[in-house]
Amino acid sequence: FFSPLVADAEMLGTPDPELASTMGFSGFGKKARTFDLEAMFEQTRRTAVERSRKVLEAREREKEDQIEKEFKIPYTASSVSASRPTRPGSTLTEREAVCGESEDNSNEALSGPSMQFQSSSKGPAEDTDDDDDEDDDEEFIGPPLPPGFKDSDDDNDNDDTEEEDNNPVKKIPDSHEITLQHGTKTVSALGLDPSGARLITGGYDYDVKFWDFAGMDASLQAFRSLQPCECHQIKSLQYSSTGDVILVVSGNSQAKVLDRDGFPVMECIKGDQYIVDMTNTKGHTAMLNSGCWHPKIKEEFLTCSNDGTVRTWDVNNEKKHKSVFKPRSVQGKRVIPTTCTYSRDGKLIAAGCQDGSIQIWDRNMSVHTKFHCRQAHASGTDTSCLTFSYDGTALASRGGDDTLKIWDIRQFKKPLNSADGLPSFFPMTDCCFSPDDKILVTGTSVKKGGGSGKLIFFYRETFQKLYEIEVTDASVVRCLWHPKLNQIMVGTGNGLAKVYYDPVKSQRGAKLCVVKTKRKERQAETLTQDYIITPHALPMFREPRQRSTRKQLEKDRLDPMKSHKPEPPVAGAGRGGRVGTHGVTLSSYIVKNIALDKTDDSNPREAILRHAKEAEENPYWVAPAYAK
């Protein structure tokens with residue numbers, strides 16, 4: 001009885017018991033049914049081809065005459081394969097040619113170019129099986145293209161890219177702009193996180209505002225505003241390389257680090273201002289000027305101050321700086337650094353000083369400078385910005401002497417190029433490189449009523465003035481060109497932060513918030529009772545669902561308890577626990593007499609002398625006593 005089952009099991013091939021128990025299918029003796037997917041797909045494809053062939057044949061007959069006139073060539077597959085020149089290096093195998101002929105002669109061949117033409121248009125001959133699969137996937141419909149014909153869309157795209165390469169102005173994303181209202185005073189600091197999701201602005205009004213592009217609507221309101229440094233102007237704001245913390249440099253001597261939501265993480269220690277040698281004190285002793293994060297090490301940042309030092313710090317150690325760099329003048333005297341920055345690889349530290357010099361140290365050697373240029377800018381002016389190019393070879397400096405210069409740090413004696421006539425009234429006027437490193441951008445300052453502040457673009461190689469944007473009727477202080485978003489952020493002297501973008505060239509950022517409609521402001525529902533939603537409460541405890549706010553307001557107005565109608569005075573006898581104004585009880589008598597006017601307006605001398613005549617005629621108290 002069991003022999004057929006055993007024979008079936010042997011025929012099916014019972015798996016190895018150890019392997020079966022390991023894999024967890026030891027209880028199954030049957031083999032899974034297999035499907036030939038390739039055969040199924042092939043059958044489906046042939047059915048679809050047969051259906052489409054009948055529809056397309058009718059259309060092709062109508063279009064054939066018109067297309068023949070346009071391209072002036074015969075549209076049989078054999079003539080195309082004969083007349084079409086093959087590209088250099090494209091050879092046809094015999095098998096491909098035979099396949100092409102056989103498919104042309106077969107009934108199932110599609111109208112249009114032959115398979116031979118398709119294979120030759122691909123370039124070098126590939127494995128014929130791969131060709132057949134690709135041909136199956138991409139069925140050509142319609143007449144073949146004439147020799148030397150290119151897709152017009154591809155040509156346009158290529159022309160556009162070539163034109164952009166030849167004309168860098170095309171790369172500037174300035175077709176659209178949005179304006180963020182920070183306040184009324186100068187926006188002196190801008191910061192964007194590495195992903196470009198959040199913007200922070202700081203100003204002379206001591207405020208730091210947080211803007212979330214994805215969370216904002218078209219009303220463009222900041223989602224948080226705070227004053228992290230009490231009454232000190234904000235000098236610099238920057239997100240770390242990971243975007244999780246923010247460095248805040250203000251007018252006091254202690255830099256702060258905040259997290260993404262504005263809560264304090266650490267505050268640098270204040271140094272001892274009575275120590276002469278600044279190396280021996282633990283922190284800055286005078287006002288800060290600038291600061292920035294290390295581009296590679298996420299815990300390290302850099303600050304410079306009016307105490308004549310540039311210090312590096314660790315976020316995890318707020319008690320003492322990591323290292324101190326002391327810029328020196330030609331005479332070896334202390335000089336104040338007005339701006340500082342790291343190189344792109346973080347190995348160099350550069351500082352611009354008040355004597356006009358730019359001094360660069362190796363990050364690990366704080367005593368002697370590695371590069372320095374003594375007369376980079378005019379002495380006595382504040383160099384407001386230093387920034388390294390993305391390739392790390394060039395350094396751009398924005399001077400307080402109204403110039404913008406670019407330097408090769410390997411030949412640091414004289415600038416590669418220079419542009420003058422760029423007024424700067426602020427000690428933090430910016431300059432920055434474009435994401436492709438070919439354009440240098442800076443802003444100009446204007447006096448009140450003296451015209452418009454401009455954002456000016458220079459070609460890096462020749463320092464030719466490419467383009468300018470009139471931003472607003474106030475100075476342009478900060479500028480920032482984010483490489484991921486391809487959008488330009490600008491901080492101005494009248495409290496605006498502007499974002500320039502292009503819908504095609506730019507990504508995310510301002511594009512996210514301008515498409516959202518403004519939310520309707522909800523009227524303040526002062527008199528309505530808070531509605532507590534308790535979906536799982538018992539029916540006897542569940543509150544009735546509110547239907548309309550207006551009806552609820554009317555009901556609450558009629559309810560004397562909810563609308564707090566003042567109680568009217570009690571008329572007649574007291575009731576409801578309140579005492580009447582008059583009655584027979586002692587308490588009512590007291591209430592009635594509480595407010596009586598008991599003041600005596602009579603003359604005190606007359607009040608005493610009215611008893612004088614009686615006392616003289618009938619002496620009782622004084623005269624008899626003395627008589628005895």
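Residues numbered from 1 in each chain as written. Predicted model: local features only at pLDDT ≥ 70, side-chain atom pairs only at ≥ 80, totals over all residues. Heavy atoms only, no water.

(A) Looking closely at the pairing of strand β9 (residues 264-267). The pairing of strand β8 (residues 256-259) with β9 spans three bridges and is antiparallel. Looking across to β9, one finds that K256 is bridged to E267. Where β8 folds back on β9, the antiparallel hairpin that results is connected by four residues, among which G262 adopts a positive phi of roughly 95°. (Pairing = 2+ DSSP bridges. Helix = DSSP H or I, 4+ residues; strand = E, 2+ residues; numbered from the N terminus.)

(B) Molecular detail of the UniProt feature "repeat: WD" (unreviewed entry) in the protein chain. UniProt's entry tags residues 180-212, 281-323, 342-362 and 376-410 with the feature "repeat: WD" (unreviewed entry), counted in the numbering of this structure. For residues 180-212, the helix share is 0%, the strand share is 58%, and the end-to-end C-alpha distance is 11 Å. Its end C-alpha atoms 15 Å apart, residues 376-410 is made of 0% helix and 40% strand. (UniProt positions renumbered as here; feature names shortened; annotations may be inferred.)

(C) Looking closely at the nonpolar core. In this structure, I178, L180, L199, F213, M216, M489 and V499 are the most contacted members of the largest nonpolar core, which totals 17 residues. Taken together, the elements giving at least two residues each to this core come down to β1 (176-181), β2 (187-192), β28 (496-501) and α9 (510-514). Excluding anything up to four places from it in sequence, V499 contacts H176, E177, I178, L180, F213, Q487, I488, M489 and A510. (Core = buried A, V, L, I, M, F, W, Y, C linked by side-chain atoms within 4.5 Å. Buried < 20%, exposed > 50% of the residue type's maximum accessible area, 1.4 Å probe, protein only. Contact = heavy atoms within 4.5 Å.)

(D) Structural detail: the packing of aromatic side chains. Inspection of the entire model under this criterion finds eight aromatic pairs. Here F325 and W361 contribute two aromatic rings whose centre-to-centre distance is 5.6 Å and whose plane-to-plane angle is 50°, an arrangement assigned as tilted. You can see F325 sitting in strand β13 (residues 323-325) and its partner W361 sitting in strand β16 (residues 358-362), a full 36 residues away along the chain. Residue F325 shares its accessibility class with W361, and that shared class is buried. Relative to Y467, the ring of F457 lies with its centre 6.0 Å away and its plane at 50°, an arrangement referred to as tilted. With F457 in strand β24 (residues 453-459) and Y467 in strand β25 (residues 465-472), the pair connects residues that are ten residues apart, well separated along the chain. Grouping aromatic residues by their ring pairs yields a cluster made of F457, Y467 and W481. Cation over ring: R344 sits above Y390, and NZ or CZ is 4.1 Å from the ring centre. (Phe/Tyr/Trp six-rings, centres within 6.5 Å; stacked < 30°, edge-to-face > 60°. Lys NZ or Arg CZ within 6 Å of the ring centre and 35° of its normal.)

(E) Structural detail: the sheet that holds strand β20 (residues 404-408). The strand order across the open sheet built from four strands is β18-β19-β20-β21, with neighbouring strands paired in antiparallel fashion. In the strand order of this sheet, the two ends are held by β18 (385-388) and β21 (417-419), each with one partner. Here the average twist between neighbouring strands, direction ignored, is 15°. Alignment of strand β19 (residues 394-398) against β20, held across five bridges, turns out to be antiparallel. If you follow A394 over to β20, its bridge partner there is D408. (Axes fitted to C-alpha atoms, helices over the stretch in contact; angles between N-to-C directions.)

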